[in-house]
Amino acid sequence: LARAYFEQAVAEGDPRYLGYAQAALKPWWSVTEPPPVVRLVRGMVLQFSHRFPEAIGDLTEVSRLEPNNAVAWSWLAAVYLVTADYAKAREACDRLKPLAADLAVVGCLAYVDSLTGRAQFGLERLSSALRQQPKADPALRLWTLTRMAEISERLGENRLAEQHFRAALALDVRDTYLLAAFSDF
């Protein structure tokens, strides 16, 4: 239930769903060592609430207890990117290699590259990976196209950025991050 509420918060951009997710986790919210599944969702909620050190604590513990948990590694990469710990973000992306779709791994690494002086390389690599996976899940395609748009914008390639944003929007997958990034653009 907490995971469903969290996903609703991400899709809708409505913070009330984060509160609902936290309420669903209430029996475990203050527990030092809850089950990994609880820690994972709690870490995701904490991250979304910008409580990064606590989120890193929960997500790190989940990845230690469940080293094959791709969701934990993905969220750790995201938190490390937001907190500008690019070395740890790259490590988390690397841990995804045997666990996640190639497109997700390349996207993770490309985003790190785009923030560490290798944006053009990251964009080219991500574009190539997307071309090689034309039937990728629409949500993964949306995520990839959004990252490509942001990297293109970072490179000053505004026409290309707009093309990627519009391609992501055309997938008709509800995503408030995409809408916010496109609005900022």
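Structure: see above.
Residues numbered from 1 in each chain as written. Predicted model: local features only at pLDDT ≥ 70, side-chain atom pairs only at ≥ 80, totals over all residues. Heavy atoms only, no water.

## Let's talk about the environment of Ala24
Point 1. Relative to the helices and strands, Ala24 resides in helix H2 (residues 16-24).
Point 2. Here Ala24 falls in the partly exposed class, since its relative accessible area comes to 23%.
Point 3. Excluding its chain neighbours within four sequence positions, the residues that come into contact with Ala24 are Leu1 and Ala2. (Helix = DSSP H or I, 4+ residues; strand = E, 2+ residues; numbered from the N terminus. Buried < 20%, exposed > 50% of the residue type's maximum accessible area, 1.4 Å probe, protein only. Contact = heavy atoms within 4.5 Å.)

## Looking at the side chain of Asn69
Point 1. Structurally, Asn69 can be placed in the loop between helix H5 (52-65) and helix H6 (70-82).
Point 2. Among the polar contacts listed, one links the side chain of Asn69 to the side chain of Glu66, at a separation of 2.8 Å.
Point 3. Of the polar contacts made by the side chain of Asn69, one reaches the backbone nitrogen of Val71; its length is 3.1 Å.
Point 4. Sequence-distant contacts of Asn69, that is, excluding residues within four places in its chain, are made with Leu40, Val62 and Leu99. (Polar contact = N/O pair within 3.5 Å; in protein donor to acceptor, adjacent residues only side chain to side chain.)

## With respect to the state of the cysteines
Point 1. Summed over all chains, the structure comprises one disulfide.
Point 2. Each disulfide pairs two cysteine sulfurs, and for Cys93 the partner residue is Cys108, the sulfurs being separated by 1.8 Å. Disulfide Cys93 to Cys108: torsion about the S-S bond roughly -70°, handedness left-handed. Of this pair, Cys93 sits in helix H7 (residues 86-95) while Cys108 sits in helix H8 (residues 102-115), and the two are 15 residues apart along the sequence. Each member of the pair, Cys93 together with Cys108, is buried. (Disulfide = S-S within 2.5 Å.)

## Some words on the nonpolar core
Where a protein is soluble and globular, its nonpolar side chains tend to be buried together.
Point 1. Ranked by size, the top nonpolar core spans 55 residues in total, and within it Val45, Leu76, Leu103, Leu126 and Ile151 carry the most contacts.
Point 2. The dominant element in this core, judged by the number of residues it contributes, is H8, at nine residues.
Point 3. With near-sequence residues (within four places) excluded, Ile151 lies in contact with Ala110, Tyr111, Ser114, Ala119, Leu123 and Leu126. (Core = buried A, V, L, I, M, F, W, Y, C linked by side-chain atoms within 4.5 Å.)

## Overview of the packing of H7 against H8
Point 1. Look at H7 against H8: their axes get within 9 Å of each other, and the N-to-C directions meet at 165°. In this view, H7 runs roughly antiparallel relative to H8, as classed from their interaxial angle. For the crossing formed where H7 meets H8, the hand is left-handed. Contact residues: Tyr86, Ala89, Arg90, Cys93 and Asp94 in H7; Val105, Cys108, Leu109, Val112, Asp113 and Leu115 in H8. (Axes fitted to C-alpha atoms, helices over the stretch in contact; angles between N-to-C directions. Parallel < 35°, antiparallel > 145°, perpendicular 65-115°, else oblique. Left-handed = near helix turned anticlockwise from the far one by under 90°.)

## Some details on unusual backbone geometry
Point 1. Unusually for a residue other than glycine, His50 sits at a positive phi of about 65°.
Point 2. Residue placement: His50 occurs in the loop between helix H4 (36-48) and H5.
Point 3. According to the relative accessible area criterion, His50 is exposed, its value standing at 58%.
Point 4. Here the phi dihedral of Asp172 falls at roughly 60°; this positive angle occurs in a residue that is not glycine.
Point 5. As for its position among the elements, Asp172 is in the loop between helix H11 (158-170) and helix H12 (176-184).

## Section: the environment of Leu160
Point 1. Looking at where Leu160 falls in the secondary structure, it is placed in helix H11.
Point 2. Residues Leu160 and Glu150, ten residues apart in the sequence, show an inter-C-alpha distance of 9.9 Å.
Point 3. Discounting residues that sit within four places of it in the chain, Leu160 has contacts with Leu123 and Ser152.

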